[in-house]
Amino acid sequence: MDELHHIVNDVIVRFAGDGGEGVITTGEFFGLALARSGLDIFKVTSLPAEIKGGPAMIQVRVGEEPPKSQGSFLDILVCFNNEVYHLNKADLKPNGVLIYDPDCEIDETNADATKIEIPLTEIAKKEAGGALSKNMVALGAIGGLLDIEAELFEPLVHARWGKKGEKVIGNNLAALRLGRDFAQNLKHLVPFRIQRHPHKGAQVIQLGGNDAIALGSIASGLSVFAGYPITPASTILEKLAVMLPSFGGKVMQVEDEIAALGCVLGASYAGYKAATSTSGPGVSLMVEEIGLASMAEIPCVIFDAQRGGPSTGLPTKEEQSDLNLAIYGGHGDSPRIVLAPANVRDCFDLTIEAFNLSEMCQMPTLFLTDFYLAQAAATTPEPDLSSYEIINRLRPTAEDLKDYKRFKLTESGVSPMAKPYDDATFYIATGLEHNEIGNPDISPAAHRKMSDKRHQKLQTAIDYAEKKGTFARQYGDPEADIAVITWGSTEGAMQEAIDLAARQDLSVAQLHLLLLNPLPDQTIFEFIKNRKRIIVAELNYTGQLAQRLRAALNIQVESFTKCTGQPFTPYELLKQIMFYHGWDTGQSEPVLSQIARVQKQRQAPVPAPGHEGQDAAMAGAVAVSRI
Amino acid sequence: MDELHHIVNDVIVRFAGDGGEGVITTGEFFGLALARSGLDIFKVTSLPAEIKGGPAMIQVRVGEEPPKSQGSFLDILVCFNNEVYHLNKADLKPNGVLIYDPDCEIDETNADATKIEIPLTEIAKKEAGGALSKNMVALGAIGGLLDIEAELFEPLVHARWGKKGEKVIGNNLAALRLGRDFAQNLKHLVPFRIQRHPHKGAQVIQLGGNDAIALGSIASGLSVFAGYPITPASTILEKLAVMLPSFGGKVMQVEDEIAALGCVLGASYAGYKAATSTSGPGVSLMVEEIGLASMAEIPCVIFDAQRGGPSTGLPTKEEQSDLNLAIYGGHGDSPRIVLAPANVRDCFDLTIEAFNLSEMCQMPTLFLTDFYLAQAAATTPEPDLSSYEIINRLRPTAEDLKDYKRFKLTESGVSPMAKPYDDATFYIATGLEHNEIGNPDISPAAHRKMSDKRHQKLQTAIDYAEKKGTFARQYGDPEADIAVITWGSTEGAMQEAIDLAARQDLSVAQLHLLLLNPLPDQTIFEFIKNRKRIIVAELNYTGQLAQRLRAALNIQVESFTKCTGQPFTPYELLKQIMFYHGWDTGQSEPVLSQIARVQKQRQAPVPAPGHEGQDAAMAGAVAVSRI
Amino acid sequence: MPFMPPKEYKTEAKPIWCPGCGDFAVLAALYQAFSALDIDPTKTVIVSGIGCSSRLPVFVKSYGFHTVHGRTLPVATGIKLANPELTVLAMGGDGDAFAIGGGHIPHAARRNVDITYIVMDNFIYGLTKGQTSPTTGSQEGTGHGFKLTPTNPHGQWEEPLNPLAMLLTYGASFVARGYSAKPKPLAEVYQAAIRHKGFSFVQVLSPCVVFNKTYDELDAAIIPLEGKHDTSDFRAAMDLAWDTQTEHLGIFYQKERPTLTDRMAAIGTKSNPEQRAGDLSKLIAKYR
Amino acid sequence: MPFMPPKEYKTEAKPIWCPGCGDFAVLAALYQAFSALDIDPTKTVIVSGIGCSSRLPVFVKSYGFHTVHGRTLPVATGIKLANPELTVLAMGGDGDAFAIGGGHIPHAARRNVDITYIVMDNFIYGLTKGQTSPTTGSQEGTGHGFKLTPTNPHGQWEEPLNPLAMLLTYGASFVARGYSAKPKPLAEVYQAAIRHKGFSFVQVLSPCVVFNKTYDELDAAIIPLEGKHDTSDFRAAMDLAWDTQTEHLGIFYQKERPTLTDRMAAIGTKSNPEQRAGDLSKLIAKYR
Ligand SMILES: Cc1ncc(C[n+]2csc(CCOP(=O)(O)OP(=O)(O)O)c2C)c(N)n1
Ligand SMILES: Cc1ncc(C[n+]2csc(CCOP(=O)(O)OP(=O)(O)O)c2C)c(N)n1
Ligand code: SF4
Ligand code: SF4
Ligand SMILES: [Mg+2]
Ligand SMILES: [Mg+2]
């Protein structure tokens, strides 16, 4: 490694090109190579509107510690063509490194950047079998520029194109080499190298959020999965369709989301763990059956990969705006569990808890992942499967079966659930109010007692969560006057913002909630004690978690939201923290809609292009419309 | 009129019998006769589970002033058979009047009551053409006992059975007369007579809640109504099916609730006022399309006749538990208007406002009526149709059409909506995020600006409501330390409770909200200023309005709920008021579910049979299951 | 379980149906069929939607799931998918089936999921008090029991659907019709339907005596198929279904083809052998 | 509006479809038909659901409503109900129509609501990237473009539906098929469909070149009906629909019968004459 360069530990690289140019593969290989060499990576991608072609990008953040988010600005931007250059140029740090095909007309946005021109297309066409190899030329070049061993990339080519024959492999290997060769003479221009070190102790894997959910479901003992395709949830269904059958499970694409949850409820009634995946529009359609599950006390897990709403909304954009629907979606009072993962690892671990809580409380569980997590991938230690507790529903004992009461009133609210075929009894499950046997009973006493029973199970869930201690996480300065509460994939960006703020001696405490209904109230009351300001930061318009905290806990909190289809960047959260500490950060006046005003809600301004405007530019790059 | 008797001004009479015994007709005629004689009445009915037979009851409250609710205990109970006697006996005042067929085995529950035995069946069978006339014998008898003129009843017989021929009329008239004759000798036993006075100035009509909604819709200019049957909403659809065609409107029963709202959105897109009616399960199914209406800015009115939930729940029981669904039902942030009538008159007046707000704000409006209102009927002054303001949606001007932008950004958030065929332009409505033209646009700026636009319209609604001043009503002592907030059909019972409390010098202020989303925040802030306690009383388990007030306004309020499928009685609300004033009313410990505990919520105990237990007994009488 | 005579399948719950309702006979015939087939209540599930007819599972000794309006088939499919050993029946009314639930039928049929779907067709909505159903007769005389209903007080504007023709078109592998007034053949049709491997559909004409009394009309229209018809002849079955003047009773069509269970079982062999062991650790290791 | 040549019906919005997608031809043929019929964009509404195909209204000068997945027909019905003067088209993909939207089709057809429903059938879910649709071919060889999809990676277990047989069974009064590779006859079928008074259904074979490229297969299977077939013969139309080896192109069936609009108009005369005046005060006075 070249001793003349800074060694850095946190690098953000974005590859931008057309869908047809194979740019995603470049980024995937780049990430995979560095991950296998022992670094942690965090990867986000953005696909175009068009099925073929159209601007796409992949961004890889690399570090010795697992990156907490996608970051704010780019250290390196690699542009395959002029169109994507203009869509992405504003996101590069002023003194960042810009690598580009001569097609790009570089302008003064990047006046202070290190500019490295590499004839990607020309090299590919002339010497590597055609333009298709352009992406490997770029990969070779960046490898050369950063002194990353060629041996890390070559096996990836063999693995990917092994079945396509010698010629394809040859072309791609040639492209890799030629890119590298070309870059050799320019590598002195790049002022840093990535910190590298031998492999960590634990075996590391690289997972996408939806992979993690699929694997976590299998680990939980999932038996039946029924679903209907929808962006960004489809790959959960698709991965399980490939994998689950070999574990004895069944996966079926059905005619719509109503049928999907119907199948799931049937399978669960039959005594088998069952789940479905969808996005907001699908959850909206499932609302009646969620109420049935709540009333008839049938466990089930619904994975909701949230996207921008309302309605068809922004199918390929980030938003955390299905919380209201998850908690309140249903006529009548129909209790359910709501969980939200913050990162790819949670997508595995918390999926197991989703099944646990659902089985334990015999209640529907909604699992709110989101577009960001669905398309992100990250390194994480290989899970030790023996370390997970797997909870199964309560079944009747021989004693219970003597005078079996499916809906027996108990202290925890949970009663034994018989399994058809295996348990030699029978009972009726119904969406009507019922007595302990299960027969319809709409008397005042029955309704009151059964309502109590159903809601009592929420306390059972809280007890479990508080005991386990893994359903809320704290960060930052525990003594800080200013406290923020987050949920979902916002956690990491906020943690980074807190770290950045700490460097300026601005202290903030963070409480991150993974269990959103019922709320772990003791933890929250403990956390908010003696704070001067409590702010809930989230990605939706009306401040849904802020509202929920007020509603359920009768407490007062402030709301800070962003609703542009983009995730928070650490940088904009830092600005907000500075603002709370009394700094003038030039924040534009928040738009005051009625609800916003009443809530004293603060909204992140629409980002303007420029160096603070990563979002605007990403938006360009990711103006896609898969729905 | 007999001078030996007290003249009373507020009498509650219940007729209990089997569905097949025509008991409902007895009550209807009784109410109608007194209404036509110039009194105000309030009527509730309860039908049996079985289509034929099974215990039914009708309760008529009569007074010089419009009764505010069904009341707490009965002054007179008329029992047609032994089964219904036992179901209803506990609701009679200790010193009330019990009128019964000899079939009834009267027990000591009614030891202190005035007991009047009348051989209803025998008279009918022997002298009035058969048992079918029993109900008219009862009517004649009560007329005789209370000195109500026979001439008030006879026209009703002619009107009802006029087409059935002489014989039927003859039998029924005979039954009326025979009942009256039999009662003549016993009338001294009834210690009171009903205050009677000449007809009031304004013409009075007697309306059911669902009639009023149907008529209000016609008054609003409804053009297309599509629905799917469901208790207790079906009669809205059915009444409109009869009436609307003659006003040039179209009514269609469609294949399900999703199709119903789909049709409504289509009709409204086409430029015509459109609405649907359903109950909780139907609203649950409509959630996705409600989001579409919110996103594509399409006016529509959804009447939700709430019933006990969750799921199929308690189809023939009272509950106010669809508020969460109405406000929050939908993925993403999808603003909508939510209104709730308190009484039959509101069902007319507020229906007009439902259309007004929906058209004005180009937004879906949910109108939360309930089982209680759906089956209740009451007298009300005939509405002066010319006094209502009817608002139609904003249409593009010739100027607008030159460069037509369907979703033009404006200060109020409202933009002109073109009408196909009539407006010589075209545009696309879509559930995708869009630009001002309507074309799909999922850029950050578009999403932010359009979200602002959609939410800004809520402020427009608030401005209208605050200006009009009819969307919230106050009652009781404006200076009271203790304040209650109510919604829906709970208003009247609370007003009565406040009047009762005032007699004991216990003062309470009441704010009743008709507009539940957006909240008329200034009115609420003004009302809660300087109170010691603010309690939200409502008929659901989790305190949905209490939660909403906290959530949206960042204020702290207490919650008092009842969730037994029964309405509040003035008496139990009085007890609660006494409790708030520090009296020990022997309230049983409220059950503390997690949510209840965290909310410091107080629940009305399950009523026990006995004189405080009107509900338990009514429950018996009304254990029905139409779904 | 020891052999149970028909009446032992009765539960304590008393049917809420009106005296004379066709559904009583539908239920009695089911007890008969269950007894004849020696159905084990602990290994059987009856799924229903919402309606007078959908109350049926409450009155039968067996596992039961009284779901929500129109979702009978998805739930029944999920049960069979989870445990193919279970005997699964789905039951409901004409509204539950062909109005709100109509979107699920084609898919249950083409999947050939091995359940028995019994639709109690009374050409009306009973439970909600007499509104129009998708099989209510039309003014033009198609279907049964034309009447002005509370939701069509001035006239009907829809042609009734033809359930049997629909089910045949969707690919149902067993299609039959019964009549509540003929309980013996009805019980026999049930037996054949439950025995059939694959999706079996039985339309039972089961009059609502309160809102659409069609006994006379039906009595005049029925003709039992008995032996006269080749149940493997799809085209002939279609012709019988389109003979809307006559209500043919019996099995219209029956054909064995792979069921959903069969096909799902078959794919086990197609999955990646190294995954077949079901070793999750190995699968996870692929993500290294 | 003055006469508009086909290309004037084009909007500025550029189709997001992949090069070669069948939907381009479907769109072009629609421009042709609109022009030929002198369609007035200000008096026409195109309703669609969600899918690649459902983006179509964005590209046509006319009123348009891009609704949610599967709700095309209810919305289109509502529009026609509200204003029978409007020309109403409904369009969508095979998933939008026969999966999530399948429950609405029987009712639109039996109601004979006067709209034109065009389903762009590519035997796959395009927009969500290649999952199985209700018309995806089966292993056994029924239907077109059998393939292992992302959601059926090990095998298909459902027989594809037969859209034309279904629509005929439901009582659609106009049933036809077109093919995107034959744009001229397609435009003619459109014209006939739009002109038809009543519910007209057109299945357009419109291949997805990315996820289910079926051009070759279809080219080999098509036979135009041209003149050889009596479109008033229901049974013959059924037989053609059941000939699953061949993709007959053209009008299968056409029959005039009262439309929803006709029947609704007729009841005006049946309502109570004293109400007919539409005098609300009089109506309210009845509640005295
Ligand atoms: C989502 C929903 N919509 C409507 C209803 C009201 N509802 C209950 S049963 C029923 C129809 C009953 O007709 P059918 O299925 O033919 O059964 P029947 O009573 O005639 O046996 C309706 C509309 C409901 N329970 N849920
Ligand atoms: C309620 C709902 N479920 C799922 C989706 C996702 N989705 C969008 S289009 C589509 C299917 C597209 O297939 P098709 O209708 O055949 O149209 P094509 O793209 O093939 O033209 C699906 C499942 C959605 N938008 N809404
Ligand atoms: S209403 Fe009709 S279908 Fe329902 S129980 Fe009575 S007779 Fe049977
Ligand atoms: S994915 Fe298929 S259906 Fe969609 S635009 Fe591309 S070719 Fe057409
Ligand atoms: Mg029926
Ligand atoms: Mg398709």
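Owing to the predicted nature of the structure, the values given are computational and were not obtained by experimental measurement.

Caption draft 1: Just the overall build of chain A, in detail. Broken down by element type, chain A carries 21 helices and 24 strands. Here the C-alpha coordinates of chain A stretch approximately 85 × 60 × 45 Å along the principal axes. Of all 627 residues assigned to chain A, the portion counted as buried reaches 71%. Sequence separation of 24 or more characterises 73% of the internal contacts of chain A that already satisfy a separation of 6 or more. Summed over its atoms, the accessible surface of chain A is roughly 18,300 Å², and 52% of this surface lies on carbon and sulfur atoms. If the 57 positive side-chain charges of chain A are averaged to one point and the 77 negative ones to another, these points end up 3 Å apart.

Caption draft 2: Looking closely at the overall build of chain C. Tallying secondary structure elements over chain C gives 11 helices and 8 strands in all. In summary, chain C has a C-alpha radius of gyration of 20 Å against a globular reference of 19 Å for 288 residues, a match within 12%. By its C-alpha atoms, chain C is 70 × 40 × 40 Å across when sized along the principal axes. Across the 288 residues in chain C, those meeting the buried criterion constitute 68%.

Caption draft 3: Spotlight on the sheet that holds strand 5 (residues 174-179) of chain D. The sheet built from 9 strands is open, its strands ordered 17(B)-2(D)-1(D)-3(D)-4(D)-6(D)-5(D)-8(D)-7(D) with mixed pairing. Because the sheet does not close on itself, it has two edges, and the strands there are strand 17 (428-430) of chain B together with strand 7 (222-224) of chain D. In this sheet, adjacent strand axes meet at a mean angle of 20° when their direction is disregarded. Pairing of strand 5 of chain D with strand 6 (residues 200-205) of chain D involves 6 bridges; the strand directions are parallel. For D:F174, the partnering residue across the bridge sits in strand 6 of chain D and is D:S200.

Caption draft 4: A look at the relation of the copies chain B and chain A. Structural alignment of chain B on chain A gives an RMSD of 0.1 Å, achieved by rotating through 180° and translating 0.0 Å along the axis. Here the copies are linked by what is in effect a two-fold axis. A symmetric contact is evident, with 99% of the interface residues of chain B recurring at the interface of chain A.

Caption draft 5: A look at the domain arrangement of chain A. Residue and element names in this part refer to chain A. Taken as a whole, chain A is organised into domain 1 (6-194), domain 2 (205-387), domain 3 (398-468) and domain 4 (472-595). A C-alpha centroid distance of 24 Å is found between domain 2 and domain 3. Between domain 2 and domain 3, the contact holds 22 residues from the first and 25 residues from the second. Between domain 2 and domain 3 lies a buried interface of about 2,000 Å² when both sides are counted; carbon and sulfur atoms form 63% of it.

Caption draft 6: The coordination of the magnesium ion (ligand 5), seen in detail. Residue and element names in this part refer to chain C. Looking at the magnesium ion (ligand 5), the protein donor atoms are D94 (OD), N122 (OD1) and I124 (O), and they sit 2.1 to 2.2 Å from it. Look at where the donors of the magnesium ion (ligand 5) fall in the sequence and you get D-x27-N-x1-I. With respect to burial, N122 and I124 carry one shared label: buried.

Caption draft 7: Inspection of the pairing of strand 8 (residues 247-254) of chain C at higher detail. Residue and element names in this part refer to chain C. In terms of burial, strand 8 is a largely internal element, 6 of the 8 residues being buried. Taken together, the 4 bridges between strand 5 (residues 174-179) and strand 8 define a ladder with antiparallel strand orientation. Within strand 8, the residue paired with V175 across the bridge is Y253. Alignment of strand 7 (residues 222-224) against strand 8, held across 3 bridges, turns out to be parallel. Directly across from P224, in strand 8, lies its bridge partner L249.

Caption draft 8: Summary view of helix 3 (residues 120-127) of chain A. All names here are of chain A. Looking at helix 3, one finds that the buried residues are L120, T121, I123 and A124. On its buried face, helix 3 is in contact with strand 5 (74-79), helix 4 (134-145) and helix 6 (166-184). Positive backbone phi, at 80°, marks G129, one or two positions downstream of helix 3.

Caption draft 9: Looking closely at the interface of chain B and chain D. The interface of chain B with chain D comprises 57 residues on the first partner and 48 residues on the second. Taken over both partners, the interface formed by chain B and chain D buries close to 4,500 Å², and the fraction arising from carbon and sulfur atoms is 69%. The three residues of chain B that bury the most area against chain D are B:E255, B:Y421 and B:F426, which together make up 17% of that side's buried surface. Across the contact surface, chain B and chain D share 2 salt bridges. Residue D:R111 pairs with B:E255 through a salt bridge whose shortest N-O separation is 2.8 Å. At the boundary of chain B with chain D, the tally comes to 17 residue pairs in polar contact (both at pLDDT 80 or more).

Caption draft 10: Local environment of the pattern of salt bridges. Counted according to the given criterion, the structure contains 82 salt bridges over all chains. Two residues, B:K468 and B:E353, come together in a salt bridge whose shortest N-O distance is 3.1 Å. One end of the pair, B:K468, is in helix 15 (residues 444-468); the other, B:E353, is in helix 12 (residues 344-361), with 115 residues separating them in the sequence. Of the residues examined, B:K468 reaches a relative accessible area of 30% and is grouped as partly exposed. The buried category is assigned to B:E353, whose relative accessible area is 8%. When salt bridges that share partners are traced, they join A:E255, C:R110, C:R111 and D:E158 into one network.

Caption draft 11: Up close: the packing of aromatic side chains. Under the defined criterion, the tally for this structure stands at 54 aromatic pairs over all chains. Look at A:F407 and A:Y427: their rings are 6.5 Å apart centre to centre, the planes differ by 80°, and that puts the pair in the edge-to-face class. Linking A:F407 in the loop between helix 14 (398-402) and strand 17 (428-430) with A:Y427 in the loop between helix 14 and strand 17, this pair joins segments that are 20 residues apart in sequence. Grouping residues by exposure puts A:F407 and A:Y427 together as buried. Arranged with centres 6.5 Å apart and planes meeting at 65°, the rings of C:Y170 and D:Y170 form a pair that is edge-to-face. Taken together, the residues C:Y170 in helix 5 (residues 163-170) and D:Y170 in helix 5 (residues 163-170) connect one chain to another. Assessed through its relative accessible area of 3%, C:Y170 is described here as buried. The positively charged end of A:K419 is found above the aromatic ring belonging to A:Y272, 4.2 Å away from the centroid. Lying across the ring of B:W161, B:R160 places its NZ or CZ 6.0 Å from the centre.

Caption draft 12: The arrangement of the domain arrangement of chain C in detail. All names here are of chain C. Per the domain assignment, the segments making up chain C are domain 1 (6-257) and domain 2 (259-288). Counting residues at the interface gives 11 residues for domain 1, matched by 5 residues for domain 2. With both chains or domains summed, domain 1 and domain 2 bury close to 600 Å², and 63% of this area falls on carbon and sulfur atoms. When the buried surface of domain 1 facing domain 2 is broken down by residue, L81, R111 and K197 rank first, second and third, together holding 48% of it. Applying the counting rule to domain 1 against domain 2 returns 1 salt bridge. Linking D262 and K197 is a salt bridge whose minimum nitrogen-to-oxygen distance equals 3.1 Å. Counting every contact that joins domain 1 to domain 2 gives 4 residue pairs in polar contact (both at pLDDT 80 or more). A total of 3 residues in the side of domain 1 that touches domain 2 trace back to one element, the largest contributor, which is helix 2 (residues 72-82). Residues belonging to the side of domain 1 that touches domain 2 are distributed by class as follows: 3 nonpolar, 3 polar and 5 charged.

Criteria and thresholds
Residues numbered from 1 in each chain as written. Chains lettered and ligands numbered in written order. Predicted model: local features only at pLDDT ≥ 70, side-chain atom pairs only at ≥ 80, totals over all residues. Heavy atoms only, no water. Helix = DSSP H or I, 4+ residues; strand = E, 2+ residues; numbered from the N terminus. Buried < 20%, exposed > 50% of the residue type's maximum accessible area, 1.4 Å probe, protein only. Contact = heavy atoms within 4.5 Å. Areas by Shrake-Rupley, 256 points an atom, 1.4 Å probe, with all protein chains shown as cover. Lys, Arg positive; Asp, Glu negative; His and termini not counted. Charge placed at Lys NZ, Arg CZ, Asp CG, Glu CD. Rg over C-alpha atoms; globule rule 2.2 N^0.38 Å. Pairing = 2+ DSSP bridges. Axes fitted to C-alpha atoms, helices over the stretch in contact; angles between N-to-C directions. Least-squares fit on C-alpha atoms with pLDDT ≥ 70 in both. Domains from an automatic or database assignment. Buried area = accessible area lost by both parts, 1.4 Å probe. Donors = N, O, S within 2.8 Å, 3.2 Å for Na, K, Ca; no water. Salt bridge = Lys/Arg side-chain N within 4 Å of Asp/Glu carboxyl O. Polar contact = N/O pair within 3.5 Å; in protein donor to acceptor, adjacent residues only side chain to side chain. Phe/Tyr/Trp six-rings, centres within 6.5 Å; stacked < 30°, edge-to-face > 60°. Lys NZ or Arg CZ within 6 Å of the ring centre and 35° of its normal. Nonpolar A, V, L, I, M, F, W, Y, C, P; charged D, E, K, R; others polar.

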